[in-house]
Amino acid sequence: MNTLVLYYSFTGNTRLLAEGIAAGVDADICELRNVKQVPKGGMSKIFWAGREVFMNKFPEIEDVDIDFDEYDVIFIGTPVWAFTYAPPFNTFFKRNKFDNKKMAFFCCHGGRKGKIFDKIKEVLSGNIILGCVDFVEPCRNDSQKCVEGSVEWAKEMLDSST
Ligand SMILES: Cc1cc2nc3c(=O)[nH]c(=O)nc-3n(C[C@H](O)[C@H](O)[C@H](O)COP(=O)(O)O)c2cc1C
């Protein structure tokens, strides 16, 4: 089965799980990246991200050179920003339309995921959402267990897709 893990990560939590899932289920992996350089410093980085949420709903992202038709299942991973997926996915979903595609969704957050699952189901309506899962700050909370949990979940998703 051809599987892709597509993710965005600002501070590494979603990346940790995306890389774990890709290795665990032998999937290709692709990271969405901002075109504009993100500040590196602690506070300026957080200030930049907050501004992105409220002022820049459709940030420029690097082109993704992928033929999504080649994949049987696509995993999508994002941090929760203001109770929904991070703005680079606004741009991505505007550019890329999916139909009748098997997809599964994972996110990382600080404890308040809001209605992100409803929002992802809405933006991906017309597709087959195999399942959704969330993790609280995996880089800080038992990383190993989170990675193992995400891989187990991903395997269940793939099993359910056949
Ligand atoms: C701009 C911004 C907005 C955020 N909004 C939320 C939120 O609404 N709810 C929440 O629980 N965590 C929120 N967080 C925390 C992140 O979702 C959390 O730290 C996540 O693990 C980050 O994933 P990443 O390391 O892959 O970027 C926010 C973080 C940032 C920078």
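Note: the structure precedes this text.
In short, a report on the structure. (Residues numbered from 1 in each chain as written. Predicted model: local features only at pLDDT ≥ 70, side-chain atom pairs only at ≥ 80, totals over all residues. Heavy atoms only, no water.)

Another aspect to go through is the pattern of salt bridges. Overall, the coordinates contain four salt bridges when judged by the stated rule. Its salt-bridge partner being Arg 33, residue Glu 31 comes within 3.5 Å of it at the nearest N-O pair. The exposure class assigned to Glu 31 is buried, which follows from its relative accessible area of 18%. A salt bridge links Asp 63 to Arg 95; the nearest nitrogen and oxygen atoms lie 3.3 Å apart. Here Asp 63, found in the loop between α2 (42-55) and β3 (73-81), pairs with Arg 95, found in helix α3 (residues 88-95); they are 32 residues apart in sequence, far enough to count as distant. Its relative accessible area of 44% is what places Arg 95 among the partly exposed residues. When salt bridges with common partners are traced through the structure, they connect Arg 15, Glu 31 and Arg 33 into a single cluster. (Salt bridge = Lys/Arg side-chain N within 4 Å of Asp/Glu carboxyl O. Buried < 20%, exposed > 50% of the residue type's maximum accessible area, 1.4 Å probe, protein only. Helix = DSSP H or I, 4+ residues; strand = E, 2+ residues; numbered from the N terminus.)

Neighbouring the ligand are 20 residues; Ser 9, Thr 11, Thr 14, Val 80 and Glu 137 lie closest to it. Between Ser 9 and the ligand, the recorded distance is 2.6 Å, taken from a side-chain N or O atom to an oxygen atom. Take Gly 12: an N or O atom from its main chain is 3.0 Å from an oxygen atom of the ligand. Compared with its free state, where it exposes 650 Å², the ligand has 84% of that area covered by protein. Counting residues per element, the ones that place at least two in the shell around the ligand are α1 (13-25), α2, β3 and β5 (102-109). Of the residues contributing to the shell around the ligand, the split by class is nine nonpolar, nine polar and two charged. (Near = heavy atom within 4 Å. Polar contact = N/O pair within 3.5 Å; in protein donor to acceptor, adjacent residues only side chain to side chain. Areas by Shrake-Rupley, 256 points an atom, 1.4 Å probe, with all protein chains shown as cover. Nonpolar A, V, L, I, M, F, W, Y, C, P; charged D, E, K, R; others polar.)

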